[in-house]
Amino acid sequence: MKELQALGYVGVGGDLLDEWRAFGGGLLGMQVVDSAKSRVTLRMDDRKQRFIVDKAQEAGTCVFGWEVADSAALSAIAGRVEAAGVKVTAEPQNVADDRFVAEVISFSDPGGNRVEVFHGPLIADEPFQPGRTISGFRTGAMGLGHAVLVVPDVEAARVFYMDVMGFKLSDYMGELFKAYFFHINGRHHSLAIIQGPEKKIHHLMVELCSLDDVGQGYDLAEQMEDGIGVTLGRHTNDFMTSFYANSPSKFMVEYGWGGREIDPENWVASELHDGPSMWGHERYWLPDDARALALEQRLKAARDGVRQPVQVMDGNFNKMTGSCAWWDGLQSKKG
Ligand SMILES: [Fe+2]
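Here's a quick rundown of the structure.

Parameters and conventions
- Residues numbered from 1 in each chain as written.
- Predicted model: local features only at pLDDT ≥ 70, side-chain atom pairs only at ≥ 80, totals over all residues.
- Helix = DSSP H or I, 4+ residues; strand = E, 2+ residues; numbered from the N terminus.
- Rg over C-alpha atoms; globule rule 2.2 N^0.38 Å.
- Buried ≥ 20, exposed ≤ 12 C-beta atoms within 10 Å, placed from the backbone.
- Contact = placed C-beta atoms within 7 Å.
- Arc of directions from axis to C-beta.
- Pairing = 2+ DSSP bridges.
- Core = buried A, V, L, I, M, F, W, Y, C linked by C-beta atoms within 7 Å.

1. Some details on the overall build of the chain
Looking only at helices and strands, the chain has 7 helices and 18 strands in total. Its C-alpha atoms give the chain a radius of gyration of 20 Å, near enough to 20 Å, the size a compact globule of 335 residues would have. If you line up the chain on its principal axes, its C-alpha atoms span 65 × 40 × 40 Å. A total of 335 residues make up the chain; the buried ones form 39% of that total. Taking contacts inside the chain between residues at least 6 apart in sequence as the whole, the part at least 24 apart equals 66%.

2. Considerations on helix 1 (residues 17-27)
Listed in full, the buried residues belonging to helix 1 are Trp20, Phe23, Gly24 and Leu27. With its buried residues spanning 115° around the axis, helix 1 presents them on a single face. Looking at the buried positions of helix 1, the neighbouring elements they touch are strand 2 (31-35), strand 3 (39-43), strand 4 (51-54), helix 5 (211-223) and strand 15 (241-246).

3. Details of the sheet that holds strand 12 (residues 191-195)
Here we have 10 strands laid out as an open sheet, ordered 17-10-11-12-9-13-16-15-14-18, and mixed in their pairing. Two strands close off the open sheet at either side, each with one partner strand: strand 17 (270-271) and strand 18 (277-280). One ladder, built from 3 bridges, connects strand 14 (residues 228-235) with strand 18; its direction is antiparallel. In the sheet register, His235 faces strand 18, and the bridge partner there is Ser277.

4. Some details on the pairing of strand 5 (residues 62-67)
Relative to strand 5, strand 1 (residues 6-13) is paired through 6 bridges, and the arrangement is antiparallel. Paired with Gly11 across the strands is Val63, a residue of strand 5. Here strand 5 runs beside strand 8 (residues 114-119); their pairing, made up of 5 bridges, is parallel. Across the sheet, Glu67 pairs through a bridge with Phe118, a residue of strand 8.

5. A look at the environment of Leu330
Mapped onto the elements of the fold, Leu330 is located in helix 7 (residues 325-334). When the 11 C-beta atoms within 10 Å are taken as the criterion, Leu330 is described as exposed. Distance in space between the C-alpha atoms of Leu330 and His119 is 49 Å, their sequence separation being 211 residues.

6. Focus: unusual backbone geometry
We note that Asp226 has phi near 55°; this positive angle belongs to a residue other than glycine. Along the chain, Asp226 turns up in the loop between helix 5 and strand 14. Take Asp226: there are 8 C-beta atoms within 10 Å of it, and that puts it in the exposed class. Backbone geometry at His281 places phi at a positive 55°, although glycine is not the residue there.

7. Examining the nonpolar core
Val117, Ile193, Val206, Ala245, Val253 and Tyr255 are the most contacted members of the largest nonpolar core, which totals 71 residues. When residues no more than four places from it in sequence are discounted, the contact partners of Val253 are Leu28, His203, Leu204, Val206, Tyr244, Ala245 and Ser247.

8. Notes on the sheet that holds strand 8
Here we have 8 strands laid out as an open sheet, ordered 2-3-4-1-5-8-7-6, and mixed in their pairing. Bordering the open sheet on either side are strand 2 and strand 6 (89-90), each of which pairs with just one other strand. With 4 bridges joining them, strand 1 and strand 4 adopt parallel strand pairing. Within strand 4, the position partnered with Val10 by the bridge is Phe51.

9. What about helix 4 (residues 154-164)?
Turning to helix 4, its buried residues are Val154, Ala157, Arg158, Phe160, Tyr161 and Val164. On its buried side, helix 4 packs onto helix 2 (71-83), strand 9 (146-151), strand 11 (179-183) and strand 12.

10. Details of the environment of Gly131
Mapped onto the elements of the fold, Gly131 is located in the loop between strand 8 and strand 9. The partly exposed category is assigned to Gly131, around which 19 C-beta atoms lie within 10 Å. When the C-alpha atoms of Gly131 and Asp98 are compared, they prove to be 22 Å apart, with 33 residues separating the residues in sequence. Sequence-distant contacts of Gly131, that is, excluding residues within four places in its chain, are made with Gly24, Gly25, Gly26, Gly29, Met30, Gln31 and Val32.

Shown next as structure tokens:
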């Protein structure tokens, strides 16, 4: 059950096309490629399309396109989903063309979210031209980022995504709220589900290649009215430094840098006890009592010395000299 490779594309329903053009291009730095009357499509890298905002799709919904290697992998997943009693639709060629992929199937998850699985994404002839000056998005084998869903029945969703679709558990938490994080590649999580009273999209995450892309985006989001849903902070499980922008569609887009890369073959899942963030990430959308609890959890993480090295890629760091005997001693003790 290793067919799933990455989150390939996301479709957003609704008619806020001008707003998404400004948000996707101007704040996030994606490239607006198709500005038809009925939809806006955006690029993030060499692919023809990663993001679709479509009037024809129900407002407030998202479609998640999960990528597999080929037709055989697509059939294997379709077979398991059908065996689980869920209707699978083999989409016609015009839908595949619309997604800029070779072949696509669709079905619903237990929470009623539309899921698509595809293979054969089309690559653009023209180079990616970001909508604002950014270094670029970290995609490739890790996919476009991650999706986090709120679901009323988190156990039913966990069973479906793990046992039927083949996601692997990264870690989970059950103290302030119940959540499961899943991987399908080196990205710590490509999908997470959180128990909540009603189904909704919590956020999508895209990862930038430079920390300064995130900081400069933060300045832009601060200029917008109600632009920031969660302040700058760092997560305990994927080590992402990020903030969350309020998108036009009322779910958030996490804008991050420096996510860790895991070894998906040898990863051992564990329960998280330090809360979701080691610092920052003030969640403006939470009720006051829950915000106070989250703050106490972060302050405890700080008192306990929860910290992690930054996770860097070639080209976005310089290794410094100039340490001192005290620091060198600490490092050598760590081995
Ligand atoms: Fe996230």
